[in-house]
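# Observations on the model geometry
One letter stands for each residue in the lines below.
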Amino acid sequence: MSKDDIYKNLTMLGGDTVQPQSPEEAVLERVPNPQQGTPYAIRFTAPEFTSLCPITNQPDFAHLVIDYVPDQWLVESKSLKLFLTSFRNHGAFHEDCTVSIGKRLVDTLNPIWLRIGGYWYPRGGIPIDVFYQTGEEPKGVWIPEQGVPTYRGRG
């Protein structure tokens, strides 16, 4: 498959797109992994992730770190950005947002391995950190620590 062929089914990249109003409406696009068979890790960091509290409708903010080892598929980054942004009007608890994002990526990509760390900023004085991982880290792949320190405030 030529490099041009792997991008032929993308609908968002290089054009105008409408912001999805919910995670359910958002489309995650994928492309064939041109380095299939070579073990390597990919990291996406979203330091300004926003969602809504499902009870109060107040905004919640998180720093997300998504690491995965691809198999046949890569996530197309513009579709990932639009998917993550679709949570801005979505009411869900921190745990549900974090785990749902991880599971949606797994369903779309079927990666060798994936983990997501959701480092949520305090509301009501308590930060919440949520972690989801599909299994043990694969051997022979360098996967750095996520590098997000525990929230300390003035601590």
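The text that follows walks through the structure, step by step, so that each part is easy to find. Just so it is clear, the structure is predicted and the values come from calculations on it, not from any experiment.

Overall, antiparallel pairing links the four strands, which are arranged β2-β3-β5-β6 in an open sheet. Unpaired on one side and paired on the other, β2 (42-52) and β6 (126-133) mark the two borders of the sheet. If you compare each strand with its neighbour and ignore which way they point, the axes differ by 15° on average. Relative to β6, strand β5 (residues 113-123) runs antiparallel, the two being bridged by seven bridges. Directly across from Gly117, in β6, lies its bridge partner Phe131. Across the sheet, helix α2 (residues 94-109) is in contact with β2, β3 (59-69), β5 and β6; its angle to β5 comes to roughly 160°.

Applying the stated criterion across every chain, the model contains four salt bridges. Residue Arg123 pairs with Asp60 through a salt bridge whose shortest N-O separation is 2.4 Å. Taken together, the residues span a long stretch of sequence, with Arg123 in strand β5 and Asp60 in strand β3 at a distance of 63 residues. Between Asp67 and Arg115 there is a salt bridge whose closest N-O contact spans 2.8 Å. Placement of Asp67 in strand β3 and of Arg115 in strand β5 is noted, with a sequence separation of 48 residues between them. Owing to a relative accessible area of 9%, Arg115 belongs among the buried residues under this scheme. What emerges from the salt-bridge pattern is a single network uniting Arg43, Asp67, Arg115 and Glu137.

What follows is about unusual backbone geometry. In this model, Asn57 sits at a positive phi of 65°, which is unusual for a non-glycine residue. Within the secondary structure, Asn57 is located in the loop between β2 and β3. One non-glycine residue, Asn110, lies in positive phi territory at about 50°. Turning to its location among the elements, Asn110 is positioned in the loop between α2 and β5.

This paragraph deals with the nonpolar core. Of all hydrophobic cores here, the largest spans 26 residues; its most connected members are Phe49, Phe83, Leu84, Ile101 and Leu105. Elements that contribute at least two residues to this core include exactly β2, β3, β4 (73-75), α1 (77-85), α2, β5 and β6. Once you skip the residues sitting within four places of it in the chain, Phe83 turns out to touch Pro23, Ala26, Leu28, Ile101 and Arg104.

Calculation criteria
- Residues numbered from 1 in each chain as written.
- Predicted model: local features only at pLDDT ≥ 70, side-chain atom pairs only at ≥ 80, totals over all residues.
- Heavy atoms only, no water.
- Pairing = 2+ DSSP bridges.
- Helix = DSSP H or I, 4+ residues; strand = E, 2+ residues; numbered from the N terminus.
- Axes fitted to C-alpha atoms, helices over the stretch in contact; angles between N-to-C directions.
- Contact = heavy atoms within 4.5 Å.
- Salt bridge = Lys/Arg side-chain N within 4 Å of Asp/Glu carboxyl O.
- Buried < 20%, exposed > 50% of the residue type's maximum accessible area, 1.4 Å probe, protein only.
- Core = buried A, V, L, I, M, F, W, Y, C linked by side-chain atoms within 4.5 Å.

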